[in-house]
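Each chain is listed here by its residues.
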Amino acid sequence: MLFDYSLDSYKAPALNTLSRCTELLRTIADVQSGLVRQKTLSPMVEEIAFSVANDVAVKEITKPHAHNFDRLAWWDSGDPARLEVQAQLLRSFLWKRAYERELIQQLRVAIVDGKQKTLISNLAANLVVEWIRQGFSRHYIFLKTRTQFFGVGLPEIRDPTAAFDEFISFFDPNKKKFDVCLKGHRVVMGLGNILPPEIGTISDTPPAARGTRVKERLFLEGVHDGVYITFHNIEAFDARSARDQGFQLLNNISTIAAFHVHRTPFSVDREALVWEGQRSVVLRPPAMAMHKHDECSVHELPTRFTKTVGALAPARVGLAAWGRLRAALGLHASALASDDVPVQLTTLWAAIEAIVPSPLDESRIQTVSDTLGPVLTRGYAKKIVVDLHNSL
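Residue indices follow the written sequence of each chain, beginning from 1 at its first position. For this predicted model, a pLDDT threshold of at least 70 governs which residues receive local features, and a threshold of 80 or more governs which side-chain atom pairs are given and counted, while totals over whole chains, interfaces and linings are taken from all residues. Heavy atoms from the whole structure form the basis of all side-chain values; hydrogens and water molecules are not counted.

A.B. asks: I'd love a proper account of the overall build of the protein chain, names of residues and values included.
C.D. replies: Put simply, DSSP marks the helices as runs of H or I at least four residues long and the strands as runs of E at least two long, and each gets a number from the N terminus on. Helix and strand counts for the protein chain stand at 17 helices and five strands. For each residue, the accessible area found with a 1.4 Å probe, counting protein chains only, is set against the maximum for its type, and the residue is called buried under 20%, exposed over 50%, and partly exposed in between. In the protein chain, which comprises 392 residues, the proportion classed as buried is 32%. Note on contacts: a residue pair is in contact if any heavy atoms of the two residues lie within 4.5 Å. For the protein chain, the proportion of contacts with a sequence separation of at least 24, taken over those separated by at least 6, is 65%. Here the accessible surface of atoms and residues is derived via Shrake-Rupley with a 1.4 Å probe, and residues count as covered only by protein chains that are part of the display. As displayed, the protein chain has an accessible area near 24100 Å², and 58% of this comes from carbon and sulfur atoms. Here Asp and Glu are counted as negative and Lys and Arg as positive; His is not counted, and neither are the chain ends. Positions of charges follow a simple convention, taking NZ of Lys, CZ of Arg, CG of Asp or CD of Glu. Across the protein chain, 46 positive and 43 negative side-chain charges occur, with their mean positions spaced 3 Å apart.

Structure (structure tokens):
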């Protein structure tokens, strides 16, 4: 589910019922503030009703209200205030790790039975999404899963329950404290005087090593003509999550500084040194999600380029469509060039909106969904005919 090169149908989904509920509440707040159109709520309500209907853990927790939560007619998307109360009610059943505990309990029972593969897959997917929502990094979950169940030379698992409980113990609900050391451009050196020392320090000399590990020594003693930025007491569940928070803090600093310094690049080495007490680990930069998809070879590029230009030429699609396509291609290229995931997502979404413009009186999300659904659905025409036949 977390392997980068798995088929998309095998990967864990982006959201589970709890995260969809949280997203709905945030959108309701935006609607009430006038930032988002009210029509945006309708597809989100449809999604959350469908999610509850297919989530056995939520159905168990929310008894006897489950029959309401999974009915679209029960949700009042026309009244944001009432919809907010409904969403808050659903979230109250799942909050404070209650959803996680129910997923673990049902997964433990299903593993012992071992025959309901679809159920096990769905429970595991929702649990993975829940751990990521809480703050565990994808890489940590993936590595712990591989080490516990798929490592080379491991003894045969004779007691599935004991092995599963040992695996669950790796996901302690209590956060730990980490220090994260990054390498950056000298332009941020002057900010060291105004950065609160309890948050971090910036120095042109490497900090002292805390252990004897070779990788730690190589990180600190390697050639580097910039500065060392060390963030202190980052609370996280695992080292990779702490590393991500460190980069996010540095990104916040650099984006504010870039408002005043326009030409100097705020380059950052993507390798990071993370300490938990005296223990250290050097983490190499992960490949960006957008860069993990297959790309054509240099030899294939001329052929594919020619086909793309031929298919999208203004003479074929029209000048108006070509203008939208050119804008979408530019936004896609900008997303590829960015290291910031939120920027990538918003830029890609802007590219989709450029291709599929929506009327001013309609929800953009609804317009995109209605347009792309038939395009991306396999056998869409056949499904329409079958549904029509069944409804007659």
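Past the structure itself, the notes keep going.
A.B. asks: Give me empty space enclosed by the protein: which residues, what numbers.
C.D. replies: Points on a 1 Å grid over protein atoms alone make up a cavity when a 1.4 Å probe fits among them but cannot get out, and a pocket when they form an open set with protein on both sides within 12 Å along at least five of seven lines; lining residues each have an atom within 4 Å of a point. Grid points are joined across faces, edges and corners, and a volume is the space filled by probe spheres set on the points. Evaluated as defined, the whole model comprises one cavity of 30 Å³ or more. If you add up the space inside the largest cavity, you get close to 40 Å³. If you trace the largest cavity, you find it lined by Arg20, Glu23, Leu24, Met44, Glu47 and Ile48. For the lining of the largest cavity, the secondary structure elements donating two or more residues are α1 (17-32) and α2 (41-53). Within the lining of the largest cavity, the residues separate by chemical class into three nonpolar, no polar and three charged. Amino acids outside the nonpolar list (Ala, Val, Leu, Ile, Met, Phe, Trp, Tyr, Cys, Pro) and the charged list (Asp, Glu, Lys, Arg) are all regarded as polar, and Gly is one of them.

A.B. asks: An account of the packing of helix α8 (residues 138-149) against helix α9 (residues 160-168) is requested, with residue identities and associated values reported.
C.D. replies: The N-to-C vectors of α8 and α9 enclose an angle of 150°; their axes lie 10 Å apart at closest approach. If you check the angle between α8 and α9, you find them roughly antiparallel. When the axes of α8 and α9 are compared, the crossing they make is right-handed. From α8, Lys144, Thr145, Gln148 and Phe149 reach across to α9, where they touch Ala163, Phe164, Glu166 and Phe167. Residue composition of the contact of α8 with α9, grouped by class: four nonpolar, two polar and two charged. Note on definitions: angles span 0 to 180 degrees between N-to-C directions of axes, and those axes are lines fitted to C-alpha atoms, for helices only across the stretch in contact. Geometric relationships in this document are graded by angle, where less than 35 degrees denotes roughly parallel, more than 145 denotes roughly antiparallel, 65 to 115 denotes roughly perpendicular, and other angles denote oblique. Crossing handedness is defined as follows: a turn of the near helix away from the far one that is anticlockwise and smaller than a right angle gives a left-handed crossing, while the clockwise case is right-handed.

A.B. asks: Go over the pattern of salt bridges, please, and point to the residues and values.
C.D. replies: Salt bridges, as used here, are contacts in which a Lys or Arg side-chain nitrogen is within 4 Å of a carboxyl oxygen on Asp or Glu. In this structure the tally under the stated criterion is eleven salt bridges. The salt bridge partner of Arg20 is Glu47, with a shortest N-O separation of 2.9 Å. With a gap of 27 residues between them, Arg20 in helix α1 and Glu47 in helix α2 connect regions that are remote in the sequence. For Glu47, a relative accessible area of 34% translates into the label partly exposed. The salt bridge partner of Asp76 is Arg82, with a shortest N-O separation of 3.8 Å.

A.B. asks: Provide a residue-level description of helix α7 (residues 117-134), including the pertinent values.
C.D. replies: If you check α7, its first and last C-alpha atoms are 26 Å apart, about what 18 residues at 1.5 Å a residue would give, namely 26 Å. Three or more residues of α7 are buried, namely Leu123, Ala125, Asn126, Leu127, Val128, Val129, Glu130, Trp131 and Gln134. Gly135, located one to two residues past α7, shows a positive phi value of around 130°. The span expected for a helix works out to 1.5 Å for each residue beyond the first.

A.B. asks: Give a description of the environment of Arg26 that names residues and reports values.
C.D. replies: Here Arg26 lies in helix α1. Linking Arg26 and Leu103, residues 77 residues apart in sequence, is a C-alpha distance of 24 Å.

A.B. asks: Report on helix α17 (residues 380-391), specifying residues and quantitative values.
C.D. replies: Spanning twelve residues, α17 covers 17 Å between terminal C-alpha atoms, matching the ideal 16 Å at 1.5 Å per step. Little of α17 is tucked away, with zero of its twelve residues classed as buried.

A.B. asks: Account for the packing of aromatic side chains, with residues named and values stated.
C.D. replies: Each Phe, Tyr or Trp ring (for Trp, its six-membered ring) is paired with any other whose centre lies within 6.5 Å, and the angle between the two planes then decides the class: stacked below 30 degrees, edge-to-face above 60, tilted in between. Overall, the coordinates contain 13 aromatic pairs when judged by the stated rule. Considering the side-chain rings of Trp131 and Phe171, the 3.7 Å spacing of their centres and the 10° angle between planes classify their relative orientation as stacked. Remark: Phe171 occurs in the loop between α9 and β1 (176-184) and Trp131 occurs in helix α7; sequence separation between them is 40 residues. Each member of the pair Trp131 and Phe171 is classed as buried.

A.B. asks: Now, about a nonpolar patch on the surface: what can you tell me, with residues and values included?
C.D. replies: Surface patches are defined over residues having more than 30% relative accessible area and no salt bridge, joining like charges when they lie within 9 Å and nonpolar side chains (Val, Leu, Ile, Met, Phe, Trp, Tyr) when within 5 Å. A grouping of Leu301, Phe305 and Val309 is seen on the molecular surface, where their side chains present a nonpolar patch of about 300 Å² in accessible area. Within the secondary structure layout, Phe305 lies in helix α12 (residues 301-312). In this structure Phe305 comes out as exposed when scored by relative accessible area, which is 55%.

A.B. asks: Mind laying out the sheet that holds strand β3 (residues 227-236), listing which residues take part and the relevant values?
C.D. replies: Strands sit in the order β2-β3-β1-β4-β5 across an open sheet of five strands; the sheet is antiparallel. In this open sheet, the two strands that pair with only one neighbour each are β2 (200-203) and β5 (279-283). In this sheet, adjacent strand axes meet at a mean angle of 20° when their direction is disregarded. Each pair of strands is called paired provided DSSP finds at least two bridges between the two strands. The pairing of β1 with β3 spans eight bridges and is antiparallel. Following the sheet pairing, Phe178 is matched in β3 by Ile234.

A.B. asks: Could you give me a rundown of the nonpolar core, with the residues and numbers involved?
C.D. replies: Considering soluble globular proteins, one finds that nonpolar side chains tend to be buried as a cluster. Only buried residues count toward a nonpolar core. Its members are Ala, Val, Leu, Ile, Met, Phe, Trp, Tyr and Cys residues joined through side-chain atoms within 4.5 Å. One finds Leu24, Trp75, Leu90, Tyr99 and Trp131 to be the most contacted residues of the largest nonpolar core, which totals 39 residues. Elements with a contribution of two residues or more to this core: α1, α2, α3 (56-61), α5 (80-94), α6 (98-113), α7, α8 and α9. Those residues in contact with Leu90 that lie beyond four places of it in its chain are Thr17, Cys21, Ile48, Val52, Val58, Thr62, Phe69 and Trp75.

A.B. asks: Describe the pairing of strand β4 (residues 268-276), naming the residues involved and giving the relevant values.
C.D. replies: Relative to β4, β1 runs antiparallel, the two sharing six bridges. Paired with Lys183 across the two strands is Asp269, which belongs to β4. Relative to β5, β4 is paired through five bridges, and the arrangement is antiparallel. Bridge pairing in β5 links Trp275 to Ser280. Taken together, β4 and the strand that follows it, β5, pair antiparallel across an intervening segment of two residues, in which Gly277 is found at a positive phi of about 65°.

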